Amino acid sequence: MTALLAIGTSKGLFLATSGDDRRSWQVSGPHFPMTGVYAVAIDKRRAAPRLLAGVTSSHFGPSVATSDDLGASWQEPAEAPLAFPSGTGASLERVWQLSPGTADEPDVVYAGTQPSALFRSVDGGIHYEMIRPLWDHPHRKQWDAGFGGQAVHTVLPHPADPAQVLVAMSTGGVYRTGDSGASWRPQNTGIRAYFLPDEWPEFGQCVHKVARDAGDPELLYAQNHHGVYRSRDGGVTWESIADGLPSDFGFAMVAHPHRSGTIFTFPLVADGERFPVDRRCRVFRSTDAGTTWEPLTNGLPTEPYYPVVLRDAMCVDDLDPAGVYFGTRSGEVYASGDEGDSWSLVAAHLPDVLCVRAAQV
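The name an unreviewed UniProt entry gives the chain is WD40/YVTN/BNR-like repeat-containing protein, with Plantactinospora solaniradicis as the organism.

**Re the overall build of the chain**
Within the chain, the regular secondary structure consists of 1 helix and 30 strands. Relative to the compact-globule value of 21 Å for 361 residues, the chain shows a C-alpha radius of gyration of 19 Å, a close match. The principal-axis extent of the C-alpha atoms belonging to the chain is close to 50 × 50 × 35 Å. Within the chain, the fraction of its 361 residues that count as buried is 59%. Contacts in the chain between residues at least 24 apart in sequence constitute 49% of all its contacts with a sequence separation of at least 6. In the form shown here, the chain has an accessible surface area of approximately 13,900 Å², with 49% of it arising from carbon and sulfur atoms. The distance from the centre of the 28 positive side-chain charges to the centre of the 42 negative ones in the chain is 2 Å.

**What about the packing of aromatic side chains?**
All chains considered together, the criterion is met by 12 aromatic pairs. Centroid distance tyrosine 38 to tryptophan 96: 5.3 Å. Interplanar angle 55°. Geometry classified as tilted. Here tryptophan 96 lies in strand β7 (residues 94-100) and tyrosine 38 lies in strand β4 (residues 35-43), a separation of 58 residues in the sequence. Relative to phenylalanine 119, the ring of phenylalanine 84 lies with its centre 5.5 Å away and its plane at 75°, an arrangement referred to as edge-to-face. With phenylalanine 84 in the loop between β6 (61-67) and β7 and phenylalanine 119 in strand β9 (residues 117-121), this residue pair connects regions lying 35 residues apart in the sequence. There is no split in this pair, since phenylalanine 84 and phenylalanine 119 are both buried. Three or more aromatic residues joined by ring pairs make a cluster, and in this case those are Phe266, Phe326, Tyr334 and Trp343. Here the guanidinium or amino end of arginine 94 rests over the ring plane of tyrosine 38, the centre of that ring lying 4.2 Å away. Geometry around tryptophan 135 places arginine 140 over its ring, the cationic atom sitting 3.8 Å from the centre.

**What to know about the environment of alanine 348**
Position of alanine 348 relative to the elements: it lies in the loop between β29 (344-347) and β30 (353-360). Along the chain, alanine 348 and arginine 274 lie 74 residues apart, while their C-alpha atoms are 21 Å from each other.

**A closer look at the sheet that holds strand β19 (residues 249-250)**
Ordered in space as β19-β22-β23, the 3 strands form an open sheet in which the pairing is antiparallel. Sheet topology places β19 and β23 (273-276) at the edges, where each strand pairs with a single neighbour.

**A short note on the nonpolar core**
Nonpolar side chains in soluble globular proteins generally cluster together in the buried interior. Ranked by internal contacts, the top residues of the largest apolar core, which has 39 residues, are Leu5, Met314 and Phe326. Among the secondary structure elements, those contributing two or more residues to this core are β1 (3-9), β2 (12-18), β26 (314-316), β27 (324-327), β28 (333-336), β29 and β30. In terms of residue count, the dominant contributor to this core is β30 (4 residues). With residues up to four places along the chain from it excluded, the contact list for methionine 314 reads Ala252, Val254, Phe264, Thr265, Phe266, Val283, Val309, Tyr325, Phe326, Val356 and Arg357.

**Here's the deal with the side chain of aspartate 43**
Within the secondary structure, aspartate 43 sits in strand β4. Residue class for aspartate 43 comes out buried when judged on its relative accessible area of 1%. At 2.9 Å, the side chain of aspartate 43 forms a polar contact with the side chain of arginine 45. Aside from chain neighbours lying at most four places away, what touches aspartate 43 is Pro49, Arg50, Leu52, Pro100, Pro106 and Val109.

**Looking at the sheet that holds β27**
If you trace the 4 strands from one edge of the open sheet to the other, you get β26-β27-β28-β29, paired in antiparallel fashion. Only two strands of the sheet have a single neighbouring strand rather than two, namely β26 and β29. The average angle at which neighbouring strand axes cross in this sheet is 25°, direction not considered. One ladder, built from 4 bridges, connects β27 with β28; its direction is antiparallel. Bridging from a neighbouring strand, valine 324 pairs with serine 336 of β28.

Reading guide: rules and limits
- Residue indices follow the written sequence of each chain, beginning from 1 at its first position.
- Per-residue local features are limited, in this predicted model, to residues with pLDDT of at least 70; the limit for side-chain atom pairs, both in listing and counting, is 80 or more; totals at the level of whole chains, interfaces and linings are taken over all residues.
- For side-chain calculations, the full set of non-hydrogen atoms in the structure is used, while hydrogens and water are omitted.
- Elements are defined by DSSP. Helices are runs of H or I of four residues or more, strands are runs of E of two residues or more, and each kind is numbered from the N terminus.
- Based on C-alpha atoms, the radius of gyration is set beside the globule rule, defined as 2.2 Å times the residue count to the power 0.38.
- Here the term buried applies to any residue with accessible area under 20% of the maximum for its type, exposed to any over 50%, and partly exposed to those in between, with areas from a 1.4 Å probe on protein chains only.
- Residue contacts are counted whenever heavy atoms from the two residues lie within 4.5 Å of one another.
- Residue exposure ignores everything except the shown protein chains as possible cover, and the areas themselves are Shrake-Rupley values with a 1.4 Å probe.
- When charges are counted, Lys and Arg contribute as positive and Asp and Glu as negative, whereas His and the chain ends are disregarded.
- Each charge is placed at NZ for Lys, CZ for Arg, CG for Asp and CD for Glu.
- Only Phe, Tyr and Trp rings are paired, with Trp represented by its six-membered ring, and only when their centres lie within 6.5 Å; those with planes under 30 degrees apart are stacked, over 60 edge-to-face, the remainder tilted.
- Here, a charge over a ring is recorded when the distance from Lys NZ or Arg CZ to the ring centre is within 6 Å and its angle to the ring normal is within 35 degrees.
- Between any two strands, at least two bridges found by DSSP are needed for them to pair.
- Nonpolar cores are built from buried Ala, Val, Leu, Ile, Met, Phe, Trp, Tyr and Cys residues. Side-chain atoms within 4.5 Å join them into one set.
- Two N or O atoms count as a polar contact when they lie within 3.5 Å, although within protein this holds only if one can serve as hydrogen donor and the other as acceptor, and sequence-adjacent residues are included solely when both atoms are side-chain atoms.
- Only the contacting stretch of a helix is used when fitting its axis, a line to C-alpha atoms as for every element, and angles between N-to-C directions run 0 to 180 degrees.

Following this line, the structure appears as structure tokens:
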């Protein structure tokens, strides 16, 4: 068994491997030095796992690179793999999310971008085309930029129905298609936008991350800009599950890969005070779909602790027991091989960690 952890940072991609049940790690990199790597995916739907990295160079601009040999070599197409069509009046700033499609569509990969748009690849993530109806949605001109930009950062294909895809953006909220992207409808009922005159709008929420339950595809979890929510109907309606957490603000929301009802998050004090609550490094876990929560601290730094975990800087792998991982803006990466019960340090002194992804390879 080899576990692979891909760590996207503000100055490149680092890869960590563990062959001893995730007790120790060997870190290599940086790949793509001096680029921002906001999105990484490990696509295991083919004979050899494919790594995908959304890289942003201050000189060459944004791109998507792929590797079929676990990072030993990387490929990029001769022309930009994705670009805004002429006539849109927009240009690609960066790729925020790379999401493989369902098992029934082994060559489909989705890319969520800044500005907020969704692209689709049918050749395994090499080339992409814009899903134009989302861009042409009448709400789009009212989607504003969040603190980190205006981007689609969550893309969740439905595991049983490839025609259904859910996206979330900051700001704008949650949208879903049931017809392979031909039409889109907002799915924000019950999510509060305290910063708007109408705090319960149809759209305009600053959703930070959405995760899908492993056992029930209609059960979703969301970390909002102040608010933690659950939906039992595929996103049509939402209810708060913030009770039991020390704060309802944060960025990450991660669902267990094969245990229904188990989720993880990393609360922060508030939008105006982006530090861990009580200056303590704590991951919170729920095993009953957010009804109750427990803090996980064994092996994590003691107080005071100040670093932040961003929306894609927490993930799980696909092993059993599941591994849980998070990286911080101070360049630390922590791993748990026992579903959060205990933690160890994978790496320190890395650049600002933007995203992490993990899998058995």
